[in-house]
Amino acid sequence: MSRYIDSETLQNIRSFSAFDYMKNYHPDLLIKNGRTDYYHRYHDSLHFSNGKWYWWSKRTGGKSAIDYLTKVEGMKFLDACWYLVDLMKVSAPIITVEQSKERKSFVLPLKDSNNNALIHYLCDVRKIDRDIVNYFIDNNMLYQSKYYKNVVFVGYDGQQPAYAFKRSIYKNFKLDHAGSNKAFSFSYANTNSDELHVFEAAIDLLSYMTILKETNENFITKNYLSLSGANNQANGDIPISLKSFLSRNPNIKTIIFHLDNDEVGTSATTYIMNRLKNKYHCVDQHPTKYKDVNEKLVNMKGAHREQTI
């Protein structure tokens, strides 16, 4: 068979996305990780989201199946092209149709009549300081939902709620609330400080505040941001939550990263720091003996974190 591939055939297979390739021919390798995000079963830092893919540990990405086959599977370009041509002849793929839709109007989940389950979970199980939990409850940034009793972490666009992250108290469920704008993820800003501490999860943010309080430091004297996941963009850009926070807080000069101690967290930290190092003083302070900041806190308290939480 000729190695030549005509321009029309090449154009057709170039439009075939890596996600559709995986969804049609290797669905068992896609692990759902959120509303639109998937990661690879054998490479947990390789994510597929919004029609694109990005391999954080290798710092490479793309959109097409050809990109995926050449950069991830190591195939030669023409071999990848003819492989896809032959594959589609044997079994025609179902193509994902991306439909543009208006962002849903954002309405917070209904509040419960009390926060008893939330306080037990965050303070007794996760070992977060009660005063810190109360501070965020009093400032309408944290509450217990009426239905399902989820912990709800709220982010604001100015004075208006624009983001909510729901974390189950009873099972391993966590999800952005419908209509949330990730640019305004859970955070705390102090305009008198030029230091920003960055975390993957809101629980780690609160845990770090607790650790500071344990050493008699005032936890409200710095800036804090939860990324709501290290890989909340798959196109290689820095997370939208961090980009937005920095644009809203031009006073920031130093960024200290406390992302998880795993491949995804450390790879994301390295990548983001490389992107920002010319403008900010960046420091990697991820936990080295524990998976995340909350696990460090729980162990400091002489307890052991349950595997299911």
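Reading guide: rules and limits
- Residues numbered from 1 in each chain as written.
- Predicted model: local features only at pLDDT ≥ 70, side-chain atom pairs only at ≥ 80, totals over all residues.
- Heavy atoms only, no water.
- 1 Å grid on protein atoms, 1.4 Å probe; cavity = no way out; pocket = protein on both sides within 12 Å on 5 of 7 lines; lining within 4 Å.
- Points joined across faces, edges and corners; volume = space filled by probe spheres on them.
- Helix = DSSP H or I, 4+ residues; strand = E, 2+ residues; numbered from the N terminus.
- Buried < 20%, exposed > 50% of the residue type's maximum accessible area, 1.4 Å probe, protein only.
- Contact = heavy atoms within 4.5 Å.
- Pairing = 2+ DSSP bridges.
- Axes fitted to C-alpha atoms, helices over the stretch in contact; angles between N-to-C directions.
- Parallel < 35°, antiparallel > 145°, perpendicular 65-115°, else oblique.
- Left-handed = near helix turned anticlockwise from the far one by under 90°.
- Nonpolar A, V, L, I, M, F, W, Y, C, P; charged D, E, K, R; others polar.

Approximately 350 Å³ is the volume attributed to the second largest pocket. Around the second largest pocket, the lining comprises 15 residues; the ones closest to its centre are Met-141, Tyr-156, Gly-158, Ser-187 and Ala-189. Elements with a contribution of two residues or more to the lining of the second largest pocket: strand 7 (151–157), strand 10 (187–188) and helix 8 (240–248). Tallying contributions element by element places strand 7 first for the lining of the second largest pocket, with 3 residues.

What follows covers the environment of Phe-16. For Phe-16, the position within the fold is in the loop between helix 1 (7–14) and helix 2 (18–25). With relative accessibility at 2%, the residue Phe-16 sits in the buried group. With 126 residues separating them along the chain, Phe-16 and Leu-142 place their C-alpha atoms 43 Å apart. Residues in contact with Phe-16, not counting those within four places in the same chain, are Tyr-21, Tyr-25, Ser-64, Ala-65, Leu-84, Met-88, Pro-93 and Ile-95.

One non-glycine residue, Tyr-148, adopts positive backbone phi at about 75 degrees. Examined against the element boundaries, Tyr-148 turns out to sit in the loop between strand 6 (142–144) and strand 7. Despite not being glycine, Asn-216 shows a phi value in the positive range, around 65 degrees. Checked against the element boundaries, Asn-216 lands in the loop between helix 7 (202–214) and strand 12 (223–226).

Within helix 2, 6 of the 8 residues are buried, leaving the element largely enclosed by the surrounding structure. Burial in helix 2 covers these residues: Ala-18, Phe-19, Asp-20, Tyr-21, Met-22 and Tyr-25. Close packing links the buried residues of helix 2 with strand 1 (30–32), strand 2 (37–40), strand 3 (43–49), strand 4 (52–55), helix 3 (65–71) and helix 4 (77–90).

Turning to the sheet that holds strand 2, a few remarks are in order. Sheet strands line up and pair through hydrogen bonds in the backbone, either parallel or antiparallel. Within the open sheet, the 5 strands sit side by side as 1-2-3-4-5. Their pairing is antiparallel. Looking at which strands have only one partner, the edges of the open sheet turn out to be strand 1 and strand 5 (60–62). Taken pair by pair, the neighbouring strands of this sheet meet at an average axis angle of 25 degrees, ignoring direction. Bridge count for strand 3 against strand 4 is 4 bridges, and the pairing is antiparallel. In the strand pairing of strand 4, His-47 is matched with Tyr-54.

Turning our eyes to something else, we now look at the packing of helix 7 against helix 10 (residues 293–300). The angle between the axes and the distance between the axes are what describe a pair of packed helices. Interhelical geometry of helix 7 versus helix 10 gives an angle of 40 degrees and a closest axis separation of 8 Å. As the angle between them shows, helix 7 and helix 10 are arranged oblique. Classified by chirality, the crossing of helix 10 by helix 7 is left-handed. In this structure, helix 7 contributes Ile-203, Asp-204, Ser-207, Tyr-208, Thr-210 and Ile-211 to the contact, and helix 10 contributes Val-293, Asn-294, Lys-296, Leu-297 and Met-300. Residue classes in the contact of helix 7 with helix 10 are distributed as 6 nonpolar, 3 polar and 2 charged.

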